[in-house]
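What the coordinates show
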Amino acid sequence: MSRLLALMLIVVPLFAQTPEPQAPKPASPPAEAAKTDTTAAAEAPSPVPSAESWLTGSIDVGYRWRTDVGGSLDTYRSIVNLGSGPKLLGADFTLTDPKHRAFDQIRVRANGWGDEPYQTVHLDAKKSKLYDFSADYRDMAYFNFLPSYADPLMSRGIVLNEQSFDTRRRLASFQLDLLPGNWFIPYFAYDRDSGSGTGATTFVTDTNEFPVPNTLRDQTNLYRGGVRFELRRFHATIEQGGTTFKDDQSVFQGSGSTNFGNVATPIFGQTTDLTNLLAAYGVRGTSVYSKGLFTASATPWLDVYGQFLYSQPDTNVNYQQTATGNLLLQSQLLFYTSQQYLVSAAAKLPHTSGSLGAEIRPLRRVRIVQSWLTDRLHSAGSAASTQTLAGTGASEQMAALLASSLVTNYSQEEVDLFFDATPKLTLRGGYRYVWGDANDAVLPPEGLMSSDQAKLRRNVGIGGVTYHPTQKITIRTDAEVASSGGAYFRTSLYDYQKVHAQARYQALTTLSLAADFTLLDNNNPVPGVNYDYRSQQESLSLFWSPAGGKMVDFQGSYTRSTLHSDIGYLIPQTLTPQTSLYRDNAHTATALFNVKLPHVEGIAPKLSAGGSFFISSGSRATSYYQPLATLWLPINKKISLFADWRYYGYGEAFYLYEGFRTNLVTTGLRFTR
Amino acid sequence: MRSIKLAVLLLIAACVTTRAQTPATLPAGYIGSETCKICHEDIYNAFGKSPHQAIETNAKRGWMGRGCESCHGAAQKHTESASAADIRNPAKLVAAAADKICLTCHLNQPTHVGRLESSHAKDQVSCTSCHKVHANGPNGLVNRKPAAINEQCASCHTNVWAQFQRPNHHKLPEGAMSCVDCHNPHGSIRPAMAQTFAANEPGCLNCHGDKRGPFTFEHGPVRFEGCASCHEPHGSANPRMLVRQEVRIVCLECHASLPSVNTTGTIGVVPPSFHDLRSPRFQNCTVCHQKVHGSYVDRNLLR
C-alpha cells in the first residue's frame, strides 16, 4: 500500500504538467512530409549523449616467419605469396570530433602492409550535411609462374612458363559527396588503376616462337562527376565522366645472345633464331561516358525505374618492332635477317545500354514487375602496317591495311508476377525473352573466313517460391527453364534448366543450419555442337554458439560440387571428331572453432582453430589444405598478444612438380583503444 | 501478483509522464520515441548511433521525435496492451512488405535503380537481411570491412564461398577484396548483378584496366559474354582461373572446326585450324595467340 501511495505521489504532479490537448494532425508518410516541410528547423541534438573517446580502434603489428617452401616455390608464389618479415597486419580505428569542426568522424582501416601481396587502406570521413569522403588504395601483387602452364618445352625437360608475369597493380579511388542528405547532392570522383612489372612472353614469327622478357606498364585514370536529385517521388542522377589510358608494354631481347625458340628442327634445311629484338606498344586511349538514372514513385501502386548509359572509349596505337636473326616468311619461302614492322592502329567502341521497368501493385497481394533492357556495342578498328624485310642482298617491303568491326545488339524483356499467397508464402512466375545479333568481321578477308555472325533467341520460363513457415525457417527456391533458337557461341547457354534453393533453420537459439543447392543443366543439341553441361553444388553449413558464444562457438560448412561437360570438336590435324570431356568432382570444407581457455593468472586466453580443405578429382585433380590456429592472450585491456600458425599444402595428381607445402607462423601485438 | 500490478502501474505512469513531455503535435495513435525508450532502451540508445537517427532528429523528414514509429507504425495501442501483436514488426512481414517500408524513403536513390534486375529482390531477400536498421555502431547499417562483408554474403551463398577455397581465386578469403567489389547487391544492368566501370563496361575493368581496349582486333567472347566465358571468377583448380584444365581445351570448345548446322550461326567455329595438337608447341594456344583478350595490332592475336 505504501508503494502505491508513493506511485501516486510521482504520477499526480506529472499529470499537472500536461499541456493543453491539441487536435492531432493526420500521419503523413516520411517522404511526403519531407516535401511539405523543406524549410523546417535544423536537426535537434541527438538524444544519446556522446561520452566516447575521440580515438577508438585497434592496430595489429607483428612478425611472420615462413619455413622453406617444399616443392614448387613458383607455384607457391602464384597462389599464396606470403613472405617473412615485420608486418602491419591490420588497423581499424575511428576518430571522432565531439565538436564537429572539420569532420564528425573519420574511419580508417588497413590490411596487410609490409611487403605483403595484398596491401589495402581505406578511409571514410564525413561531416553531417556537408560532405562524405572516401578514399581507397590497394597495392596487389600479381605473380604467376605455374610450371605446367604455357610450356611447350616441357618434353625437352625445360620448365619455362612462356606466359608468366611478376607485376603489381595499384588501385586508388577517391569520392567526395557534397551535401549528403540534401535533395541535391553533387559528387566528384577520381579513380586510378595502374600496373607495372616484368614477365615472359613470346615473340611469334611464321615458323617459330621465341620466349622473351617483357616489361608491362599501363595506367587508367577515371574522372567523374555528377549530381543526384533525390526528391519525394522522384530521383535522378546525372553523371559525366571520362578516362585516359596508356599502355607501354615492350618486348625485347638484347644483342649478344641467340634465341633458338621453341622449334629445334630445321626448316628447309635451316634453323631459325632470334639475335635481337625490340618491340614497343605505344597505346593511348581516352573515353567519355554519360550516365542517367532515375527512379520514381509515380503513384502508391506504381514505381518506375530507368537508366541510360553511354560510353565511347577509343585507342590509338603506334607499334614498332625491329628484329634480327635468321627468320622465315613462310608464305614466300623467304629467309630474312632483319625485320622492321610498324603498325599504326585505332579503335573506337561506342556502347549504349539502357533499361526501363516498372513495379505495379494492382492488389494488396499481387505485384507485377515488367522490365526491358538493351545493350548495344559497336566496335570499329583499323590498322595500317608496313613490314620491311632484309635478307642477304635483298629487301622487301609489304604494306597492309585492315579494318575490323564487332557488333552486338542484345535485348531482353521480362515480366514477373509475385503473389503473396499467405503471409508466409510468396509465389513467383515469369517469362523472359532474350534476343540479339552479333557480327565479327575483319576486312580484307584472309584464309577461309573473315566474317562471323550469329543470332540469339531465347525463351525463358521463371518460377520461384519463398516459404517462411515460422520465424525459424526460411526456404527460397527459384528456377529457370529456357529454350533457345540460337546462341552466339557453342558453349553459350542454350536449352537450360537452372535451379537455386536455399534453406535456413534456427534449430535452437544456439544452433542455426543453412543449406544451399544450385544446379545448371545446359544442352545444345544442334548437330555439330552436341553440348552437354551439368554443374551442381550442394552445401550445408552450421553455426553453433552455446551460451551466446561466451565460452565456445563453431561455424563450419561442407560443399560437394560436380561438373560434367561434353562437347564435340574436330582434331585439327586429322579432322576427326573428338569429344572434349571435362569433369570436376570436389569436396570443400571450412571450419572455425573458437574457445575461451581457462584463466591463467588473470589472463583469459582464446584459441581459434580451423581452416579449409579442397579436394577434387577429375580433369585437374587437386588438393589444397589450409589449416590454421590462432592463440590470443589479452595482457591487459589495451594490449593482446597473438600467435598464428597456418599451413598451406597444395598438390596435383597430374602435375606433381607443381605441389608445395609450407608453414607460416606470425606473432604480434594488438593495441586497442 | 502484487508486483505485477505495481509494474503495470509504473508503466502507465511512465507513459503518461512521457506523453506529457513529447511534442504536443503528435498525430493520433502516435506516442513518440521517448515512450518507446521506456521499454526498449537498449534499442533506443543503439538507434541514437545509427545513421537512421536522422529520422528522429531532422524535422525535414517528417518523423521528428517519432523515429521508431516511422517503421513500426503508430504505437499507442501497443503501449496500452504491451502486446507484440499490436505493433508492426518488419522482421515478421513478408519481404515485399518490409522492403516497402524501407523504400518509402530509400526508393528514390540511385542505389536502387537496378532493383528490378536484382535477384535479391526477386527472391524476396529483404533489406533487413543485410542491413541492421537500429544500429551497427560506427559501421553504419551494414558491414563495411571486406572480411565482414564476405562473411555475411557467405552465410547464404555457401557454395560460392566454397569456390574461393580453391587454389586459384580472387583474394577474398585474404580480406583484400569483398563480394561487393564485383557485385552490386541492389541490382545491376549487367548479368549476375555485376558492378560496372565507366557507366556500362564490365566491373572487372575496375582492376584489370589493361584488358579494357578497345582493341583493333577484338576477341568476340570477351565483349559478348564477358570474362566468365573463359574464367571462373570465384575460383578454380585450373590455372588462371580458367574454366577448363588446359588452355587448348578452353579454346577448342569454341574453335572446334566443326560448323554447326544451326541457321542462326555460331561465332568462332571456322576456319579450321591445322595445328598438330600432338606437338607441345600447339598445346597451349596462348603461347602464340598471346593477346587472347584482344590485340591492338594483329588480327590473329599474335602480338
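Residues numbered from 1 in each chain as written. Chains lettered and ligands numbered in written order. Predicted model: local features only at pLDDT ≥ 70, side-chain atom pairs only at ≥ 80, totals over all residues.

Section: the overall build of chain B
Counting secondary structure elements, chain B contains 13 helices and 6 strands. Expressed as a percentage of the 303 residues in chain B, the buried residues total 52%. Taking all contacts inside chain B whose residues are at least 6 apart in sequence as the whole, residues at least 24 apart take part in 49%. (Helix = DSSP H or I, 4+ residues; strand = E, 2+ residues; numbered from the N terminus. Buried ≥ 20, exposed ≤ 12 C-beta atoms within 10 Å, placed from the backbone. Contact = placed C-beta atoms within 7 Å.)

Topic: the nonpolar core
A:F203, A:L277, A:A487, A:Y488, B:C251 and B:A256 are the most contacted members of the largest nonpolar core, which has 47 residues in total. Elements that contribute at least two residues to this core include exactly β8 (184-204), β9 (209-230), β12 (273-299), β13 (302-329), β19 (451-470) and β24 (552-571) of chain A together with α13 (247-254) of chain B. If you tally residues by element for this core, the top one is α13(B), at 6 residues. Excluding its chain neighbours within four sequence positions, the residues that come into contact with B:A256 are A:R490, A:G568, A:Y569, A:L570 and B:V269. Counting residues in hydrophobic clusters, the runner-up holds 17 residues, among them A:V283, A:A347, B:F217 and B:L301. (Core = buried A, V, L, I, M, F, W, Y, C linked by C-beta atoms within 7 Å.)

Considering the confidence of the model for chain B
Residue and element names in this part refer to chain B. Scored by pLDDT, chain B comes out at a mean of 86, with 88% of its residues at no less than 70. Across residues 13-22, where pLDDT falls below 50, the model places 23 contacts with residues more than four positions away in sequence or in other chains. Scoring of the predicted complex yields 0.89 for pTM and 0.89 for ipTM. (pLDDT = per-residue confidence, 0-100.)

Focus on the domain arrangement of chain B
All names here are of chain B. If you check the domain split of chain B, you get domain 1 (2-88), domain 2 (92-201) and domain 3 (213-295). Of note, the centres of domain 2 and domain 3, computed from C-alpha atoms alone, are 32 Å apart. Each side of the interface is counted separately: domain 2 has 9 residues, and domain 3 has 9 residues. Contributing elements (two or more residues each) for the side of domain 2 that touches domain 3: α10 (158-163) and β1 (168-169). (Domains from an automatic or database assignment.)

Quick notes on the interface of chain A and chain B
The interface of chain A with chain B comprises 181 residues on the first partner and 128 residues on the second. Counting residues per element, the side of chain A that touches chain B draws most heavily on β13(A), which supplies 11 residues. When the residues that make up the side of chain A that touches chain B are grouped by side-chain class, the tally is 76 nonpolar, 69 polar and 36 charged. (Nonpolar A, V, L, I, M, F, W, Y, C, P; charged D, E, K, R; others polar.)

Observations regarding the domain arrangement of chain A
Reports of interface size often rely on the accessible area that becomes lost once the parts have come together. In terms of domain boundaries, chain A breaks down into domain 1 (201-209 + 221-416) and domain 2 (587-673). The gap between the C-alpha centroids of domain 1 of chain A and domain 2 of chain A is 42 Å.

Details of the pairing of strand β5 (residues 118-127) of chain A
For a regular strand, side chains alternate in direction, first toward one face of the sheet and then toward the other. Residue and element names in this part refer to chain A. Bridge count between strand β4 (residues 105-113) and β5: 7 bridges; the pairing is antiparallel. Bridge pairing in β5 places R107 opposite D124. Hairpin connection between β4 and β5: a loop of 4 residues separates the two successive antiparallel strands, and G114 in this loop has a positive phi of roughly 120 degrees. Pairing between β5 and strand β6 (residues 131-144): 10 bridges, direction antiparallel. Along β6, the bridge assignment pairs A125 with F133. Hairpin connection, β5 to β6: the antiparallel pair is bridged by 3 residues, and K129 has positive phi, about 70 degrees. (Pairing = 2+ DSSP bridges.)

Some thoughts on the pairing of β8(A)
Residue and element names in this part refer to chain A. Sheet topology places strand β7 (residues 164-178) next to β8; 14 bridges connect them, and they run antiparallel. Each residue of the ladder has a partner; that of T167, found in β8, is G197. Linking β7 to β8, which pair antiparallel, is a turn of 5 residues; within it L179 sits at a positive phi near 55 degrees. Where β8 meets β9, 21 bridges bridge the pair, whose relative direction is antiparallel. Bridged to S196 within β9 is R217. Joining the antiparallel neighbours β8 and β9 is a turn of 4 residues.

Things to note about unusual backbone geometry
The peptide bond linking A:L443 to A:P444 adopts the cis configuration, its omega dihedral lying at -5 degrees. Here A:P444 lies in the loop between β18 (425-443) and β19. Backbone torsion omega between B:G213 and B:P214 reads 5 degrees, so that peptide bond is classified as cis. Locating B:P214 in the fold gives a position in the loop between β3 (201-202) and β4 (217-218). Even without a glycine there, the phi angle at A:F268 is positive, about 50 degrees. Structurally, A:F268 can be placed in the loop between β11 (250-253) and β12. The exposure class assigned to A:F268 is exposed, which follows from the 10 C-beta atoms found within 10 Å.

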